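As a plain string of letters, each chain reads:
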Amino acid sequence: MTFQFDRNVYAATDPVGGVTIRMSNKFRDTGPSDGFLFIYEGPEGKFEFLVWEKRESRKTLIKGLPTERMMVVGGLILEPSLFSWAQRLGLGINIVEAKGIDKIKKTVLEGIFCLFTSGGDLLPFVPDFYVQFIQHKPDGV
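First things first, this report covers the structure right here in the doc. (Residues numbered from 1 in each chain as written. Predicted model: local features only at pLDDT ≥ 70, side-chain atom pairs only at ≥ 80, totals over all residues. Heavy atoms only, no water.)

### A closer look at the packing of aromatic side chains
Thought 1: By the definition in use, this model includes seven aromatic pairs.
Thought 2: Measuring from ring centre to ring centre gives 6.0 Å for Phe38 and Phe116, while their planes differ by 45°; the resulting arrangement is tilted. Here Phe116 lies in helix α3 (residues 101-116) and Phe38 lies in strand β4 (residues 36-42), a separation of 78 residues in the sequence.
Thought 3: A relative accessible area of 0% means that Phe38 is categorised as buried.
Thought 4: Relative accessible area serves as the criterion here: at 9%, Phe116 is assigned to the buried category.
Thought 5: In this structure an aromatic cluster arises from ring pairing among Phe38, Tyr40, Phe47, Phe49, Phe113, Phe116 and Phe129.
Thought 6: Just above the ring of Phe133 sits the side chain of Lys105; from NZ or CZ to the centre is 5.2 Å. (Phe/Tyr/Trp six-rings, centres within 6.5 Å; stacked < 30°, edge-to-face > 60°. Helix = DSSP H or I, 4+ residues; strand = E, 2+ residues; numbered from the N terminus. Buried < 20%, exposed > 50% of the residue type's maximum accessible area, 1.4 Å probe, protein only. Lys NZ or Arg CZ within 6 Å of the ring centre and 35° of its normal.)

### Here's the deal with the side chain of Ser24
Thought 1: Checked against the element boundaries, Ser24 lands in the loop between β3 (19-23) and β4.
Thought 2: Note on Ser24: relative accessible area 13%, which makes it buried.
Thought 3: When near neighbours in sequence (up to four residues on either side) are disregarded, Ser24 contacts Leu37, Phe38, Ile39 and Glu48. (Contact = heavy atoms within 4.5 Å.)

### A few points about the sheet that holds strand β7 (residues 130-134)
Thought 1: In space, the seven strands of this open sheet follow the order β1-β2-β3-β4-β5-β6-β7, with mixed pairing throughout. Among the strands making up the open sheet, the edge pair consists of β1 (4-6) and β7. With strand direction ignored, the average angle separating the axes of adjacent strands in the sheet is 30°.
Thought 2: Note that strand β6 (residues 65-78) and β7 share five bridges and pair parallel. Residue pairing across strands places Leu78 opposite Ile134, the latter belonging to β7.
Thought 3: Contacts between α3 and the sheet are confined to β1, β2 (11-14), β3, β4, β5 (45-62), β6 and β7, with β5 contributing the most and set at about 40° to the helix. (Pairing = 2+ DSSP bridges. Axes fitted to C-alpha atoms, helices over the stretch in contact; angles between N-to-C directions.)

Written out as structure tokens, the structure is:
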């Protein structure tokens, strides 16, 4: 998969695989500690999933001056939210396996990496950026 970052609509698109991952514009009266809702649209269907930002204090240069600030260093994807779309549609876990959940997970990882790094533009500032799956809402994010 080769995702392309679209700054205008904040989306990652894989034109070959026919997949788009974008932030949901659905209103949620929540804050960043409740995660961000993203939408996956691809051949397997359309579904929403939750992602949190992992922030750490990092030293960086701003206008040529060394400074320390909180920076996003990772993306944490709530893995059970990937399965909830099948449950809402009344499908069993077998259909999820049949549709290649491993392929979907890999695609989601790559798409979120593309989005959170603005298509790789932020990697010089956070070269160790990561995206991973988690099973529960993170504490202290």
